[in-house]
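Spelled out, the chains give:
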Amino acid sequence: MNNKKKILVSIFTVFLLIFSSSVASAKVMWGKTELKQGQIGKVTILTNVNATKINENTLTQDKRLKKGEEYRIYSYRVVTGIGYYGLGGGLFVQKSDFVKYETPSKAKLALLEQEVNNPSPSSPINDDSLDPNAPTSFKNCTELRKYYPDGVASDHPAYAPKHDRDNDGWACER
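Residues numbered from 1 in each chain as written. Predicted model: local features only at pLDDT ≥ 70, side-chain atom pairs only at ≥ 80, totals over all residues. Heavy atoms only, no water.

(A) Just the environment of Asp 150, in detail. Residue placement: Asp 150 occurs in the loop between helix H3 (141-147) and strand E11 (152-153). Look at Asp 150 and you get partly exposed, because its relative accessible area is 43%. Discounting residues that sit within four places of it in the chain, Asp 150 has contacts with Ala 107, Trp 170, Cys 172 and Glu 173. (Helix = DSSP H or I, 4+ residues; strand = E, 2+ residues; numbered from the N terminus. Buried < 20%, exposed > 50% of the residue type's maximum accessible area, 1.4 Å probe, protein only. Contact = heavy atoms within 4.5 Å.)

Here you go:
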């Protein structure tokens, strides 16, 4: 009888370990950056630039941002006629040709909203159900969107790198 209890406890422990490792919330990735609630966009640094702190209308250089880095943008502010993207934590980077600003696609925002409202234990997020009548390869995004209007994630059978122009793991998003 004692051996049966030990076996049951062992099985239960293994089950808990396996289950608890898969419960982590899925992330919505956008390029190299995780999309977060409250984020309005991102900047990619094209040339090394300074980040500044803004206190009323006083600018203080704070940190050097390096070429190729990506930062989430949470706000936009104009100081003495010049625009600044808010990186959070009181840091801003000046709007210029040295940074590339982008906003998330509607499909990415919908995924984020879905994850915030209905957290999924599975990862990665895949909000499209498989259409049993759909082919698994498509000539172009126009054809793919006939079956999957919001595009498909990289774990989807219809995903092809040629349809993922921004290399963010999501093909044919709008």
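(B) Quick look at the sheet that holds strand E8 (residues 82-88). The five strands are arranged E5-E4-E9-E8-E7 in an open sheet whose pairing can be described as antiparallel. Of all strands in the sheet, those bounded by a partner on one side alone are strand E5 (58-65) and strand E7 (75-79). Averaged over all pairs of adjacent strands, the angle between strand axes in this sheet comes to 40°, irrespective of strand direction. By the bridge criterion, four bridges tie E8 to strand E9 (residues 91-94) in an arrangement that is antiparallel. Within E9, the position partnered with Gly 86 by the bridge is Phe 92. (Pairing = 2+ DSSP bridges. Axes fitted to C-alpha atoms, helices over the stretch in contact; angles between N-to-C directions.)

(C) Just unusual backbone geometry, in detail. In this structure, Thr 80 is a non-glycine residue whose phi angle is positive, near 45°. Within the secondary structure layout, Thr 80 lies in the loop between E7 and E8. If you check the backbone angles, Asn 167 has positive phi at about 50° while not being a glycine. Among the secondary structure elements, Asn 167 is positioned in the loop between E11 and strand E12 (170-171).

(D) View of the pattern of salt bridges. In this structure the tally under the stated criterion is four salt bridges. The salt bridge involving Lys 42 is made with Glu 70; its shortest N-O contact spans 3.5 Å. Remark: Glu 70 occurs in strand E6 (residues 70-73) and Lys 42 occurs in strand E3 (residues 41-45); sequence separation between them is 28 residues. Since its relative accessible area comes to 4%, Lys 42 is described here as buried. The salt bridge involving Lys 108 is made with Asp 168; its shortest N-O contact spans 3.7 Å. One end of the pair, Lys 108, is in helix H2 (residues 106-117); the other, Asp 168, is in the loop between E11 and E12, and 60 residues separate them in sequence. Each member of the pair Lys 108 and Asp 168 is classed as buried. (Salt bridge = Lys/Arg side-chain N within 4 Å of Asp/Glu carboxyl O.)

(E) Fine view of the packing of aromatic side chains. Overall, the coordinates contain three aromatic pairs when judged by the stated rule. Where Tyr 76 meets Tyr 85, the ring centres are 5.5 Å apart and the plane angle is 55°; that geometry is what we call tilted. With a relative accessible area of 42%, Tyr 76 lands in the partly exposed category. An angle of 5° between the planes, with centres 4.7 Å apart, marks the rings of Tyr 85 and Tyr 101 as stacked. Residue Tyr 85 is located in strand E8, and its partner Tyr 101 is located in strand E10 (residues 99-102); the two are separated by 16 residues in the primary sequence. A connected cluster of aromatic rings, assembled from ring pairs, spans Tyr 76, Tyr 85 and Tyr 101. For Lys 42, the ring lying beneath its charged end belongs to Trp 30, and the centroid distance is 4.6 Å. (Phe/Tyr/Trp six-rings, centres within 6.5 Å; stacked < 30°, edge-to-face > 60°. Lys NZ or Arg CZ within 6 Å of the ring centre and 35° of its normal.)

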